[in-house]
Amino acid sequence: VGSAELAGGTLPARAVVAEGGRAAAALLGTLLDEPVRRISCYAASMRALLEASCEACPPGEEASAAADECGELVSHLEALLDEQRARDRVSHLARELPPASLRAALPEGLALPHRRFLREGELRQSEASAEGAAWQRRRAHLFNDILLLVDGGEATREALGGEGGVASVECIGLAKVQVKVLADLDEPASEPRSEGGGFPFELSRVDGKRSWRLSAGSAEERAAWVESIKRQIRFLLAAFKQRGKSIAFLPQQVEKLRAELGALHTARRRAEAEVLLLTSEVCALDSQLQADRRDLSRASFRTRRLSVVAAPGGANGPSAAQVSTLRRRVRRGSDERAQLQCVADGRVEELLRTLAALEKTEGDLNDDSLMKEMLFSSS
């Protein structure tokens, strides 16, 4: 470390990370990302190597298997990145949309654990039952459980009313709607058209109480919107079929999973603290054991040397008792370190089990929260 403050451990963690970044001329996040980014390069290089192999020298089974595994790992990483981007977009929209209007449409908030962003764009909206009604610009945000329609198209948050804005934010729950294309009402750009006519489609509640007529700018754009909405509806129906009668107990199950998730987070934090403490103790024992071994080595060497050559001036070397004491200390330190390492390994295994349970419980909670929101919300 380049400074006395860092070496003495008197600076906070953020300052240590910042100093390390300056010393390495790179951000910590970049340094952590680099090994992961190289995986895609490994996969591409292995595929190129396999393609360049000639028939006289075919690649071995291990090379082909390694290339397949690299490809699977890259696909998994890309899926994780897509998942994180979807989460981040939800959080960004929760901050960007007018809070007052958002709370009116979604009392529980937009950034729920299960919610994922799918697509967004500008649509036009008209009252489905009114012939010749004016079309209004809407900024549409599709999530895995709802469709949000916001006044103003591409307008900024300030234009929508800022922090205390009252711009309309309408929420449509996908669990309770069906969607259809209104191809007979298409108004291609080459024909005279009313404001926003375009390529309409309609969402309607399955109970017939409400419908929404929306319009896209092109047939392709409409097809993409309709397919995305239908895909989420199909997913929901499949989930309902799989759950069967247990759907009635979803609210209770969600609360139970939330409690389990909280307990697992507590267990994870406790296990992490124990692992860190045990690791520090193992490192301290390692340092002491290395020092004792160095002392024993020097004492043993001097004893052997004095047994052959007399010390200058009649100086005495280490006694046999001192050497024996050092040997016992080294053996005792080795035993203590082995026992402590065994305990630390057990805590690491416990932490890994907790993390696996945490991941599964979080996935179950996200799935059940999604279905609960879609079934029991008022949207």
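Scroll up a little and you will see the structure.
Structural notes, computed from the coordinates. Note that the structure is predicted; figures quoted are calculated from it, not measured.

Thresholds applied
Residues numbered from 1 in each chain as written. Predicted model: local features only at pLDDT ≥ 70, side-chain atom pairs only at ≥ 80, totals over all residues. Heavy atoms only, no water. Buried < 20%, exposed > 50% of the residue type's maximum accessible area, 1.4 Å probe, protein only. Helix = DSSP H or I, 4+ residues; strand = E, 2+ residues; numbered from the N terminus. Pairing = 2+ DSSP bridges. Salt bridge = Lys/Arg side-chain N within 4 Å of Asp/Glu carboxyl O. Axes fitted to C-alpha atoms, helices over the stretch in contact; angles between N-to-C directions. Contact = heavy atoms within 4.5 Å. Core = buried A, V, L, I, M, F, W, Y, C linked by side-chain atoms within 4.5 Å.

1. Brief notes about the pairing of strand 3 (residues 146-151)
Within strand 3, five of the six residues are buried, which leaves the element mostly enclosed by the surrounding structure. Both strand 2 (residues 136-143) and strand 3 contribute to a ladder of five bridges, which runs antiparallel. Across the sheet, residue H141 finds its bridge partner in strand 3, namely L148. Relative to strand 4 (residues 169-173), strand 3 is paired through five bridges, and the arrangement is antiparallel. Its bridge partner being in strand 4, L147 is matched across the sheet by I172.

2. Describing the pattern of salt bridges
In total, this model carries 21 salt bridges according to the counting rule given. Between R347 and E274 there is a salt bridge whose closest N-O contact spans 3.0 Å. With a gap of 73 residues between them, R347 in helix 8 (residues 320-376) and E274 in helix 7 (residues 250-308) connect regions that are remote in the sequence. Of the residues examined, E274 reaches a relative accessible area of 28% and is grouped as partly exposed. Across the salt bridge formed by K360 and D364, the nearest N and O atoms sit 2.9 Å from each other. One end of the pair, K360, and the other, D364, are both in helix 8, four residues apart, so they sit about a helical turn from each other. When salt bridges with common partners are traced through the structure, they connect E83, R87 and R116 into a single cluster.

3. A short note on the sheet that holds strand 4
Spatially, seven strands are ordered 4-3-2-1-7-6-5 in an open sheet, and the strand pairing comes out antiparallel. At either margin of the open sheet sits one strand with a lone partner, and together these are strand 4 and strand 5 (177-181). Each neighbouring strand pair of the sheet contributes to a mean axis angle of 30 degrees, computed without reference to strand direction. One ladder, built from five bridges, connects strand 5 with strand 6 (residues 199-205); its direction is antiparallel. Note that in strand 6 the partner of K180 across the bridge is E202. Packed on one face of the sheet, helix 4 (residues 61-96) meets strand 1 (117-126) and strand 2 and runs near 45 degrees to strand 1.

4. Some words on the nonpolar core
Ranked by internal contacts, the top residues of the largest apolar core, which has 18 residues, are L147, F201, L203 and I229. Those elements that provide at least two residues to this core are strand 2, strand 3, strand 5, strand 6, strand 7 (211-216) and helix 6 (219-243). The biggest single contributor to this core is helix 6, with four residues. Setting aside chain neighbours within four positions, we find L203 in contact with L147, I172, V177, Q178, V179, R210, S211, W212, L214 and I229. Listed in part, the 14 residues of the second largest apolar core include L93, L97, A105 and F143.

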